[in-house]
Amino acid sequence: MTDRGAVIGFDLDMTLVDSRAAIMASFAAVAAETGVTIDPVGVDSRLGIKLEDELAHWFPAGEIVPAMAIYRRHYPLLSGPLTSVLPGAREALATVRAAGARVVVISAKFEPAVRQVLDDVGLAVDEVFGGVHGPEKAVVLTALAADAYVGDPPADMAAAVAAAAWPVGVATGSFSGADLRAAGAAVVLASLAQFPDRYARRFS
Ligand SMILES: [Mg+2]
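Along every chain, residues carry numbers that run from 1 in the direction the sequence is written. Where totals are concerned, whole chains, interfaces and linings use all residues; where local detail is concerned, this predicted model gives features only for residues with pLDDT of at least 70, and gives and counts side-chain atom pairs only at 80 or more. Values shown for side chains rest on all heavy atoms present in the structure; no hydrogens or waters enter the calculation.

Caption draft 1: Structural detail: the side chain of Ser26. Counting through the fold element by element, Ser26 comes out in helix H1 (residues 20-34). For each residue, the accessible area found with a 1.4 Å probe, counting protein chains only, is set against the maximum for its type, and the residue is called buried under 20%, exposed over 50%, and partly exposed in between. Using a relative accessible area of 0% as the deciding quantity, one classes Ser26 as buried. Those residues in contact with Ser26 that lie beyond four places of it in its chain are Tyr71, His74, Tyr75 and Leu78. The way it works is that DSSP assigns letters per residue, a run of H or I at least four long becomes a helix, a run of E at least two long becomes a strand, and they are numbered from the N terminus. By definition, residues are in contact when any of their heavy atoms lie within 4.5 Å.

If you want it as structure tokens, here you go:
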């Protein structure tokens, strides 16, 4: 299997970038403005889902949209200073692009925020899809005929399997290698530093 023309999908948060601190600080800002308790341990245990779905754990249905607006006012200010590129991510994207394949970022995050984060940390990609999680990622991967999807939560592995893409788990988020394998990961990497070697073995 050659990789020229291949499409390689990547999740963003905790796969390419360590955005945990910015996310936690944004939830703390929502808690401070609304007076509603938001347990960071609970948020952390689910990192990767959509903002509205996380807020549903803390707010009644009618208060979710205003809480999203508060979060989205704070996040852009916190993301730049608090987000870093995870080890190996830059090299992983460079490996894919150097091989003539396309890098597509597919994230549950609001698309403008995905673009901002990529811009802030200086990661160049070919295409971005935001606001999708779980089975919705599978729909995007299928439409792209993606060859692989790389992500940190189990739901990403299930999406890759559903889309017949190579499911590559990276244990840099809130989930273990065992969690990722149970969800269908064909490969689990401790970090993206291991990606170029696995990619070369798969595609060359
Ligand atoms: Mg993630």
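Caption draft 2: Highlighting the side chain of Lys109. Inspection of the secondary structure assignment puts Lys109 in the loop between strand S4 (102-106) and helix H6 (111-121). Nitrogen and oxygen atoms within 3.5 Å of one another constitute a polar contact, given that in protein one can donate a hydrogen and the other can accept it, and given that sequence-neighbouring residues count only through two side-chain atoms. In terms of polar contacts, Lys109 uses its side chain to reach the side chain of Asp13, at 3.1 Å. Beyond its immediate sequence surroundings of up to four residues, Lys109 is in contact with Leu12, Asp13, Ile23, Tyr75, Val114, Val117, Gly130 and Gly131.

Caption draft 3: A look at the coordination of the magnesium ion. For Na, K and Ca the donor cutoff is 3.2 Å, while for all other metals N, O and S atoms must lie within 2.8 Å; water is not among the atoms, so some sites may look incomplete. Binding of the magnesium ion to the protein goes through Asp11 (OD), Asp13 (O) and Asp152 (OD), at separations of 2.0 to 2.2 Å. The sequence pattern describing where the donors of the magnesium ion fall on their chain is D-x1-D-x138-D. Placement of the pair is Asp13 in the loop between strand S1 (7-10) and strand S2 (17-18) and Asp152 in the loop between strand S6 (148-151) and helix H8 (154-162), with a sequence separation of 139 residues.

Caption draft 4: Representation of the domain arrangement of the protein in the model. Where each domain begins and ends follows an automated or database-derived domain assignment. The assigned domain composition of the protein is domain 1 (7-18 + 84-203) and domain 2 (20-82). A C-alpha centroid distance of 23 Å is found between domain 1 and domain 2. The rule for a salt bridge is simple: a side-chain nitrogen of Lys or Arg has to be within 4 Å of a carboxyl oxygen of Asp or Glu. A salt bridge links Glu136 to Lys50, with the shortest nitrogen-to-oxygen separation between them at 2.9 Å. There are 9 residue pairs in polar contact (both at pLDDT 80 or more) connecting domain 1 and domain 2. Element by element, the count of residues in the side of domain 1 that touches domain 2 is highest for H6, at 4 residues. Polar here means any residue outside two lists: the nonpolar Ala, Val, Leu, Ile, Met, Phe, Trp, Tyr, Cys and Pro, and the charged Asp, Glu, Lys and Arg; Gly therefore counts as polar. Here the residues of the side of domain 1 that touches domain 2 are counted per class, giving 8 nonpolar, 6 polar and 6 charged.

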